[in-house]
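Given next are the chains, with one letter for each unit.
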Amino acid sequence: MAIKKAGHVPTFLKRCEKFSCYAVAEILPYEANYRKGGSAILRKLIAQFMKFGVVGVIAFIIDYGLMVLLTEAFHVNYLVSATISFTVSVIFNYVASMRYVFRHKEDMSKRREFVIFVVLSVIGLGLNNLIMWVGTSLWGISYLITKLVATAIVMLWNFITRKKFLDAGDEPVLDDLE
């Protein structure tokens, strides 16, 4: 893998292959595209991930704040409050992500886009609640700490799957390089 323009990326990809990090390789462009102008592609991917991070921080504040409010002030079970807060933050996340982070696929209806977003989010919710339950009920870790771990893992899930299934941004970037 002799890639000159991408700097540390070849080493990173070799490490990923060694440890089977196929999810990371899935969102990165192919090696040939790095040769054509990979630093530009990588910069665009990093910028997109940063926008996703800003939207994610706001969604996290909504999610975490509402969960704590429901659990502490209204004595709602932590799993129920985590589900409610997650759902509210998903609605915000859909609107913000599809407006500021990902590009709409022209061949996909908004209805289908929303259904895919919700399905991916429901899987994320299942992952979130599984982590919350294991961390809190099985391992005895505070739900406040467990939620931080769950959020980090679900954030990676969300970016990778939304990039793969909902974002039309890759096609124009690759066409620009030719």
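All of these numbers come straight from a predicted model, not from anything done at the bench. (Residues numbered from 1 in each chain as written. Predicted model: local features only at pLDDT ≥ 70, side-chain atom pairs only at ≥ 80, totals over all residues. Heavy atoms only, no water.)

## As for helix 6 (residues 143-165)
Quick note on the threshold: Strands here are runs of E lasting at least two residues and helices are runs of H or I lasting at least four, both read from the DSSP assignment and numbered beginning at the N terminus. The span you would expect from a helix comes to 1.5 Å times its residue count less one. Buried, partly exposed and exposed residues are distinguished by accessible area as a fraction of the type maximum, computed with a 1.4 Å probe on protein chains only: under 20%, between the cut-offs, and over 50%, respectively.
Taking 1.5 Å per residue as the helical rise, helix 6 with its 23 residues ought to reach 33 Å, and the 31 Å between its terminal C-alpha atoms agrees with that figure. Within the sequence span of helix 6, burial applies to Tyr-143, Thr-146, Lys-147, Ala-150, Val-154, Asn-158, Phe-159, Ile-160, Thr-161, Arg-162 and Lys-163.

## A word on the packing of helix 5 (residues 110-138) against helix 6
What counts here: Here, axes are lines fitted to C-alpha atoms. For helices the fit covers the stretch in contact, and angles between N-to-C directions go from 0 to 180 degrees. Angles are sorted into four bins: roughly parallel if under 35 degrees, roughly antiparallel if over 145, roughly perpendicular if 65 to 115, and oblique for all others. Should the near helix be turned counterclockwise from the far one by less than a right angle, the crossing is left-handed, whereas a clockwise turn marks it as right-handed. Here, residues are in contact when the closest pair of their heavy atoms is within 4.5 Å. Note on residue classes: Ala, Val, Leu, Ile, Met, Phe, Trp, Tyr, Cys and Pro are nonpolar, Asp, Glu, Lys and Arg are charged, and everything else, Gly too, is polar.
Where helix 5 contacts helix 6, the axes come no closer than 9 Å and their chain directions differ by 155°. Comparing their axes, helix 6 and helix 5 come out roughly antiparallel. Crossing of helix 5 over helix 6 shows right-handed handedness. Residues Ile-116, Phe-117, Leu-120, Ser-121, Ile-123, Gly-124, Leu-127, Asn-128, Ile-131, Met-132, Gly-135 and Thr-136 of helix 5 form the contact with helix 6, whose participating residues are Tyr-143, Thr-146, Lys-147, Val-149, Ala-150, Ile-153, Val-154, Trp-157, Thr-161, Arg-162 and Phe-165. Among the residues making up the contact of helix 5 with helix 6, the classes are represented as 14 nonpolar, 7 polar and 2 charged.

## Description of the packing of helix 4 (residues 78-101) against helix 5
In the contact formed by helix 4 and helix 5, the axes pass within 10 Å of each other and the chain directions differ by 145°. As helix 4 packs across helix 5, the resulting crossing turns out to be right-handed. Grouping the constituent residues of the contact of helix 4 with helix 5 by class yields 12 nonpolar, 9 polar and 2 charged.

## Here we look at the nonpolar core
The line we're drawing: To define a nonpolar core, start from buried Ala, Val, Leu, Ile, Met, Phe, Trp, Tyr and Cys residues and group those joined through side-chain atoms within 4.5 Å.
Formed by 18 residues in total, the largest nonpolar core has its most connected members in Phe-102 and Leu-166. Mapped onto this core, the elements with two or more residues apiece are helix 3 (31-74), helix 4, helix 5 and helix 6. The element that contributes the greatest number of residues to this core is helix 4, accounting for 6 residues. In this structure Leu-166 touches Met-98, Arg-103, Lys-105, Met-108, Glu-113, Ile-116, Phe-117 and Thr-161, once residues within four positions along its chain are discounted. Met-67, Tyr-78, Met-132 and Tyr-143 belong to the second-largest nonpolar core, a separate cluster that totals 7 residues.

## Considering a nonpolar patch on the surface
What counts here: For patches, a residue must show more than 30% relative accessible area and have no salt bridge; joins then use 9 Å for like charges and 5 Å for nonpolar side chains, namely Val, Leu, Ile, Met, Phe, Trp and Tyr. Here the open area of atoms and residues is found with the Shrake-Rupley method and a 1.4 Å probe, where only the protein chains shown may cover a residue. Should a side-chain nitrogen of Lys or Arg be within 4 Å of a carboxyl oxygen of Asp or Glu, the pair is scored as a salt bridge.
Together, Leu-130, Trp-133, Leu-138, Trp-139, Ile-141, Ile-145 and Leu-148 line one region of the surface with nonpolar side chains, adding up to about 740 Å² of accessible area. For the nonpolar patch, the secondary structure elements donating two or more residues are helix 5 and helix 6. In terms of residue count, helix 5 provides more of the nonpolar patch than any other element does, 3 residues in total. Position of Leu-130 among the secondary structure elements: in helix 5.

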